[in-house]
Amino acid sequence: MITRQRLAAGVCALLAALTAGIAFPTGAAADETAEQAAPKVELVLDVSGSMRARDIDGGSRMSAAKQAFNEVLDATPEEVQLGIRTLGANYRGNDRKTGCKDTAQLYPVGTLDRTEAKTAVATLTPTGWTPIGPALLKAAGDLDGGNGTRRIVLISDGEDTCQPLDPCEVAREIAAKGIGLTIDTLGLVPDAKTRDQLSCIADATGGTYTSIQHKEELTDRVGQLVERAADPVVTPVAVEGATACTSAPTLKSGLYTDREEFGQHRYYRVDVKPGQELRASVSVAADREVNPDYGVLLRAVTVHGREIVRGEAAGNGRTDVVSTGLRYPKAESDDENAPAETVCLQVSNSFSAASGVKTTPGMPVELTVDVVDGPDQASDVASFGLGRGWWLLGALVLTGFLAGVLWGWVSRLRIAVWRTN
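Residues numbered from 1 in each chain as written. Predicted model: local features only at pLDDT ≥ 70, side-chain atom pairs only at ≥ 80, totals over all residues. Heavy atoms only, no water.

### Quick notes on the nonpolar core
Counting 32 residues, the largest nonpolar core has L43, L45, I155, L186, L218, V222 and V226 as the members making the most contacts within it. Elements with a contribution of two residues or more to this core: β1 (40-46), α2 (61-75), β2 (81-87), α4 (114-122), β4 (150-156), β5 (181-188) and α8 (215-229). Ranked by residues supplied to this core, first place goes to α2 with 7 residues. Aside from chain neighbours lying at most four places away, what touches L186 is V153, L154, I155, S156, L198, T210, I212, L218, R221, V222 and L225. Among the nonpolar cores identified, the runner-up in size contains 30 residues, and F262, V270, A300 and V343 belong to it. (Core = buried A, V, L, I, M, F, W, Y, C linked by side-chain atoms within 4.5 Å. Buried < 20%, exposed > 50% of the residue type's maximum accessible area, 1.4 Å probe, protein only. Helix = DSSP H or I, 4+ residues; strand = E, 2+ residues; numbered from the N terminus. Contact = heavy atoms within 4.5 Å.)

In structure tokens, the structure reads:
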């Protein structure tokens, strides 16, 4: 019994050491990203008559918005170009046609003059209609141009009052233009219909919806969204994978997008030089109703079809995105002029469409490829799997086994001496 306990302890120590041993980080050369234009953000504020309501921490919705704007303006990163647009701020009458045109740029998108922007915000008074759709169209125009991050932050307390120009359809039209503009929405103590409409607007462009009931929540959330615009963004490159490795496009390090039909295989080629490591990951999104129990497979194979390494993941219907990845370190070569190895990445899926669901176009695929300096003395995983990890595994297993046996004999000897005495 004692021998078994000691042996078990030795095995646990072995596993811990093995985990630490193979988890040492390896050196990597970071790729330089292309310089992008300054990020642009436009805050779009509802200044309709309902903003007079006093139901946010004892004050009006308008005063809460002004306080949040002032604090956000103070904290806006220097590199962010920020503007402010209003809807429902100027027209006080009852003419629908005029009221639905009531949107104006309070402060132009550009380098921020905090004092000037705060002065403009101080002049706002809740007035008229809620033309969300027209305001979004104008805001998209305000942010036009450049390849940097573009974000609209919409703050409203009610539904659009200018139908049939559905703001959700407007958001879909903006997304369809492919200009990379995100709309985030915040609802001030909204009802169910307002919440649904604002959620739809955000979903259409990959943005977020947040329900707000307190001043601090509004300030914190608007500040987070403005700061997020300053984060570096990598724009995916559209690529069309092939049905066979021989005709596949050759990719360099970067982020790529493609579409893959149900049960289809897509191939891409990557050149890996001796001493480099290929790191790849793929995500496939079910952008329509699919049957449960599905999976995604990412394989690295030679040009002759021999598998090098694979990564796979499965889903059960609880998520609409499934991802996996792989790593392949190419061993160093004594020949300085040794050619690069062409590795074929194969992306496969086992999604199946639900009854009545169209199978075309294919589902969105996002593929990340990174070729970096490999670990020192990396072995070819096509032959050795873990490379040097197998040698380490063998050494640790032998050490743990011998330590367990030795400790067991020592324990038995001690018990025998104790019984004798």
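Here the narrative resumes, following the displayed structure.
### Some thoughts on the side chain of D258
Checked against the element boundaries, D258 lands in strand β8 (residues 254-260). At 3.3 Å, the side chain of D258 forms a polar contact with the side chain of R266. The residues contacting D258, other than those within four sequence positions of it, are V239, E240, G241, R266, Y268, M363, P364 and V365. (Polar contact = N/O pair within 3.5 Å; in protein donor to acceptor, adjacent residues only side chain to side chain.)

### Notes on the sheet that holds strand β10 (residues 276-285)
Pairing within the open sheet is mixed, and its 5 strands lie in the order β7-β8-β15-β10-β13. Strands with a single pairing partner mark the edges of an open sheet, and in this sheet they are β7 (237-238) and β13 (321-329). By the bridge criterion, 9 bridges tie β10 to strand β15 (residues 363-373) in an arrangement that is antiparallel. Bridged to V284 within β15 is V365. (Pairing = 2+ DSSP bridges.)

### Thoughts on unusual backbone geometry
Phi is positive for V189, which is not a glycine, with a value near 35°. By the secondary structure assignment, V189 is in the loop between β5 and α7 (192-204). Of note in this structure, D293 is not a glycine but carries a positive phi near 65°.

### Some thoughts on the state of the cysteines
In this structure the tally under the stated criterion is 3 disulfides. Disulfide pairing places C168 opposite C200 at an S-S distance of 1.6 Å. Measuring handedness by torsion sign, the sulfur bridge of C168 and C200 sits at about -50° and is left-handed. With a gap of 32 residues between them, C168 in helix α6 (residues 167-176) and C200 in helix α7 connect regions that are remote in the sequence. (Disulfide = S-S within 2.5 Å.)

### A closer look at the environment of R288
Along the chain, R288 falls in the loop between β10 and β11 (294-301). R288 sits in the buried class, given a relative accessible area of 17%. In the structure, R288 is positioned 65 residues away from A353 in sequence and 8.0 Å away in space, judged by C-alpha atoms.

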